[in-house]
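Coordinate analysis (summary)
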Amino acid sequence: MEIKKVLIANRGEIVRRIITTCQEMGIETVAVYSDADKDAHYLADATETYYIGKSAPVKSYLNMDILIQAVKDTGADAVHPGYGFLSESAEFAEAVAEARAKWIGPDPDILKNIESKCYCRNVASSIGVPVTPGTIRPIKSINEIYETAGKVGLPILLKLDKGGGGKGIQKIETFESEEIVQAQLESMQRIGEMAFASSDVYVEKSVQNPRHIEVQFMADEHGHVVCLGERECSIQRRYQKIIEESPSAVVTSEDRKKLYGYTSKLIREMKYSGAGTVEYLRAQDGSYYFMEINARLQVEHPVTEAVTGLDLVKLQIQTARGEKLPISQEDVKLNGHAMECRIYAEDPKTFNPAPGVINELKFPDTSDGDVRVDHALYEGYRVSPFYDPMLCKLIVRADDRQKCIDRMLGALKEFVIGGVTNTIETEIAIMRDRSFVIGDFTTAFLEREKLNIGLENYVITISRQFGSLGRPIARKMAELLGIEYYDRDIVEQAVRNSGMEIKPDEVMDSIEGGSYEKMKYPLGTLPEEEQDRIFKAQSEVILELARKESCIIVGRCSDYVLRNVRNHFSIYIYAPYEVRLQNCITELHIEPEAAKDLITSVDEARRSYAMHYAKEYSEDFTNKDILIDSSLYGSVDEAAHVLTKMIKKKFNLS
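Residues numbered from 1 in each chain as written. Predicted model: local features only at pLDDT ≥ 70, side-chain atom pairs only at ≥ 80, totals over all residues. Heavy atoms only, no water.

Looking only at helices and strands, the protein has 24 helices and 23 strands in total. Intrachain contacts of the protein at a sequence separation of at least 6 include 69% that bridge at least 24 residues. (Helix = DSSP H or I, 4+ residues; strand = E, 2+ residues; numbered from the N terminus. Contact = heavy atoms within 4.5 Å.)

As C-alpha cells, then:
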C-alpha cells in the first residue's frame with residue numbers, strides 16, 4: 001500500500017520527529033493542534049495543519065471523532081499515533097481503518113488483545129517465556145489476593161489489566177485487615193474503569209530491587225522479527241522513566257541472546273506487525289521475567305537509533321506499507337553506547353508538576369552528531385497543565401558508557417531552560433552519582449540514593465598555613481576531580497577591578513616563583529579604606545567563579561565569602577611549625593632565617609586580614625568541614641588523594 005500523506009495524531013516533539021522522517025521519504029504530513037498548541041513551531045514544518053479543539057485532551061487529542069474527521073477532511077491515507085494519547089487504542093485504530101486510512105502500528109485486533117496484560121501473560125506463559133509470578137487472569141475477590149500472596153510471598157502488586165504509563169499499580173507490603181485490602185481492590189477497580197474503561201485487576205509478585213530491561217523490536221507482515229538491542233530503563237520516578245540507555249550495563253551477550261529469543265517467539269506467536277517493545281524485569285539473581293508489551297513507538301526510541309544507526313519511524317512506515325523488513329537480525333550491530341535524559345517541567349526533588357512560561361532557552365551543541373535534542377520548545381513556550389510535563393529529550397552517543405556519561409553531563413550543563421522549574425538538576429546529579437556511574441542500581445534508585453540535586457557546581461575552599469603545602473595539595477585535588485583551580489588569579493583580578501595602582505606581583509602571596517624578600521601583603525597591611533575596596537572586589541570575583549563552574553579556590557577568607565553558598569566545602573590545611581619550616585627550606589628553597597621570618601610575616605598578615613573581615617568566623621574552626629594536618633601524609637599526592645576521597649563521599653561523586 002502506498003502512503004502519500006500521514007496525519008500525526010499527537011503533539012509536541014514526537015510530531016516534529018515524525019515530520020522529519022516523512023519529509024525525507026517524500027511523504028506529506030498533517031499536524032493537528034489544540035488551543036494550547038496553536039503557536040507550536042512544528043506546525044510550520046507540516047504540509048498542512050488541522051485544528052482539533054480545546055486544550056483539554058478529551059476535547060482534542062483524545063477525541064476520536066474530531067481526529068477521524070481530520071483524516072477525512074485532509075485526505076490523509078495514513079495515521080501515525082506517536083506515543084501516549086490514543087497510540088495503543090484498538091478502537092481508534094479500527095476507526096482509522098474504517099476511514100480507509102492505514103494505521104501505522106499493529107492491527108486493531110492485535111492491539112485489542114495486547115491492551116490486556118493478562119492476555120500477554122497468558123500467551124507468554126503458554127510458550128515458555130517466564131512471567132513474573134502471580135495471576136495470569138483477572139481476579140474476582142480479595143480471596144485470590146490472599147491466595148496468591150500465600151504462594152509467591154509479600155510484597156505483591158495489584159495491577160490494572162489495561163493500565164499503563166505507570167498508572168494503576170498498588171503495592172501491598174502487609175495485610176492490615178480484610179477491610180483495607182477490599183478498599184484497595186475497589187479503589188483500583190474504580191481507577192481502571194475511569195481511566196481505561198476496564199476494572200480488571202490482576203496480582204503480581206513484587207520483584208525486589210529489579211532492573212527494568214526492555215527489548216526494541218520491529219516485525220513485518222511476512223513473519224520476520226528483528227530485535228534492535230535492549231534498553232536499560234531502571235532510573236524511574238512513580239514507575240515512569242527518567243533516563244534510558246543502550247546497551248544495559250548488566251545484560252551479557254548470553255542474556256541478550258536469551259531476551260531476543262523470548263521476544264521473537266512472543267511476537268511471532270501474536271502475529272504482530274510494526275514497532276514495539278517487550279519489557280522485562282531482571283531480578284537480583286539474574287532471572288528475567290516478561291512484564292508487558294508496548295505496541296507503539298517508545299519515547300526512548302532515539303537511544304536505539306543512536307546505537308543501531310536505524311530510523312525507527314521509517315521502518316514503521318515501511319512495514320505499514322506491507323514491505324518486508326530491509327534488515328535481518330545478523331545486520332543489527334550495537335555501535336557504542338547511547339543515553340537519553342527526559343527533561344520534565346517538574347520540581348527536581350519532589351517531581352511535582354511545575355507549569356510556566358519559558359523565558360530563556362539555550363541548547364547544547366549538537367554539531368558533532370553525537371548529541372541530539374528532541375523538542376518542540378521556544379522562548380515564550382507555555383507549559384500547559386493539561387499534558388504530560390515532559391519538555392524534551394536529550395540524547396547522546398559515545399564509544400563507551402563512561403564517555404557517554406561524560407558527554408551527557410557536559411550537554412546537561414550547557415542546557416538552559418529559564419522560567420520553568422525542570423529536572424536538569426536531577427539528571428546532572430544522577431550522572432555524577434557513583435552507583436549510577438559504576439552501573440550498580442535498580443528501579444529503587446531514586447528512593448534509596450542520596451542525590452545532591454542542584455549540584456550543577458560545587459566549590460571547595462582551602463585555607464592553609466604557609467608552608468603546609470596547601471597550594472600544591474589543592475592543585476593536585478583539582479586535577480583529580482577534573483575541576484578548575486583558582487589562586488592568585490583572584491587577587492590579581494580583584495586588584496584590576498578595584499582600580500588600585502599596585503602591580504600584580506606585589507600583591508601575590510603565591511609560594512611559587514616569587515621574590516620572597518619583596519612580597520607584600522596589602523590585604524593585611526594597607527590602610528583600611530583600601531583593604532575594604534580590594535576585599536569587596538575580591539568577594540565579587542570569588543562569588544562569580546563559584547557560580548560559573550565547579551572549582552577549588554585557595555586564598556584568605558574565600559571560605560568566609562562563600563559560607564552561605566550551597567554546595568560549598570571548606571578545608572583547612574595545617575602542619576606543625578617545624579614541618580612548615582622544613583617545607584620552606586626543602587620544597588621552596590628558602591634560606592632558614594628567611595623562612596622563619598616569612599612564616600611569621602604571612603601568619604600575621606593572614607590573621608590581620610581574616611580577623612578584620614571574618615572576625616570570630618575565621619578563628620572558629622568548627623566552620624570548616626575538614627581540618628587536616630598535612631604532615632600526617634608522606635607526600636602532596638597522598639594528602640590530595642585522601643581529601644579527594646572525602647569530597648567524593650561528601651558529594652557522592654563518581
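Before going further, it helps to examine helix α15 (residues 470-481). Taking 1.5 Å of rise per residue, 12 residues should cover 16 Å, and α15 covers 16 Å from first to last C-alpha, within 8% of that figure. Residues of α15 that are buried include every one of G470, R471, I473, A474, K476, M477, A478 and L481, and no others. Trailing α15 by a residue or two, G482 shows a phi angle of about 70 degrees, which is positive. (Expected span 1.5 Å × (residues − 1). Buried < 20%, exposed > 50% of the residue type's maximum accessible area, 1.4 Å probe, protein only.)

Across the eight residues that make up strand β14 (residues 337-344), a large majority, eight, are buried. Burial along β14 is two-sided: H337, M339, C341 and I343 facing one way and A338, E340, R342 and Y344 facing the other are all buried. Direction of pairing for strand β11 (residues 240-246) relative to β14: antiparallel, over a ladder of four bridges. When the bridges of β14 are listed, E245 appears paired with M339. Inspection of the sheet shows β14 paired to strand β17 (residues 390-398) by eight bridges, in the antiparallel sense. (Pairing = 2+ DSSP bridges.)

Before going further, it helps to spend a moment on the packing of helix α11 (residues 401-414) against helix α12 (residues 424-432). Two packed helices can be described by the angle between their axes and the distance between those axes. Orientation of α11 relative to α12, taken along the N-to-C sense of each, is 155 degrees, at an axis distance of 10 Å. Here α11 lies roughly antiparallel to α12, going by the angle between them. At the point where α11 passes α12, the crossing takes the left-handed sense. Of the residues in α12, those in contact with I405, M408, L409, L412 and K413 of α11 are I424, E427, I428, M431 and R432. A per-class count over the contact of α11 with α12 returns seven nonpolar, no polar and three charged. (Axes fitted to C-alpha atoms, helices over the stretch in contact; angles between N-to-C directions. Parallel < 35°, antiparallel > 145°, perpendicular 65-115°, else oblique. Left-handed = near helix turned anticlockwise from the far one by under 90°. Nonpolar A, V, L, I, M, F, W, Y, C, P; charged D, E, K, R; others polar.)

Ordered by their spatial adjacency, eight strands build an open sheet running β13-β12-β9-β10-β11-β14-β17-β16, and the pairing between neighbours is antiparallel. Sheet topology places β13 (288-294) and β16 (371-375) at the edges, where each strand pairs with a single neighbour. Direction aside, neighbouring strands of the sheet carry axes that sit 25 degrees apart on average. Most of the contacts of helix α9 (residues 301-308) go to β14, to which it runs at about 155 degrees, and overall it touches β9 (211-219), β10 (225-237), β11, β14, β16 and β17. On the sheet, α11 packs against β11, β14, β16 and β17 and is oriented at approximately 140 degrees with respect to β17.

Now for the sheet that holds strand β23 (residues 626-629). Strands in a sheet are paired, the pairing made by backbone hydrogen bonds, and the direction either parallel or antiparallel. Reading across from one edge, β20-β21-β19-β22-β23 is the order of the five strands in this open sheet, with parallel pairing throughout. At either margin of the open sheet sits one strand with a lone partner, and together these are β20 (484-486) and β23. With direction set aside, neighbouring strand axes in the sheet form an average angle of 20 degrees. Where strand β22 (residues 568-574) lies against β23, four bridges are found, and the strand directions are parallel. Residue pairing across strands places Y574 opposite D629, the latter belonging to β23. Packing against the sheet, α15 makes contact with β19 (459-464), β20, β21 (551-554) and β22, and its axis sits at approximately 165 degrees to β19.

It is worth spelling out the packing of aromatic side chains at this point. In this structure the tally under the stated criterion is 15 aromatic pairs. Taking the centre distance of 5.5 Å and the plane angle of 85 degrees together, the rings of Y378 and Y381 count as edge-to-face. Judged by relative accessible area, which is 14%, Y381 ranks as buried. Taken together, the ring pairs in this structure connect Y61, F85, F386 and Y387 into an aromatic cluster. Here the guanidinium or amino end of R211 rests over the ring plane of F441, the centre of that ring lying 4.1 Å away. Note that R237 overlies the ring of Y344, its terminal NZ or CZ placed 4.1 Å from the centroid. (Phe/Tyr/Trp six-rings, centres within 6.5 Å; stacked < 30°, edge-to-face > 60°. Lys NZ or Arg CZ within 6 Å of the ring centre and 35° of its normal.)

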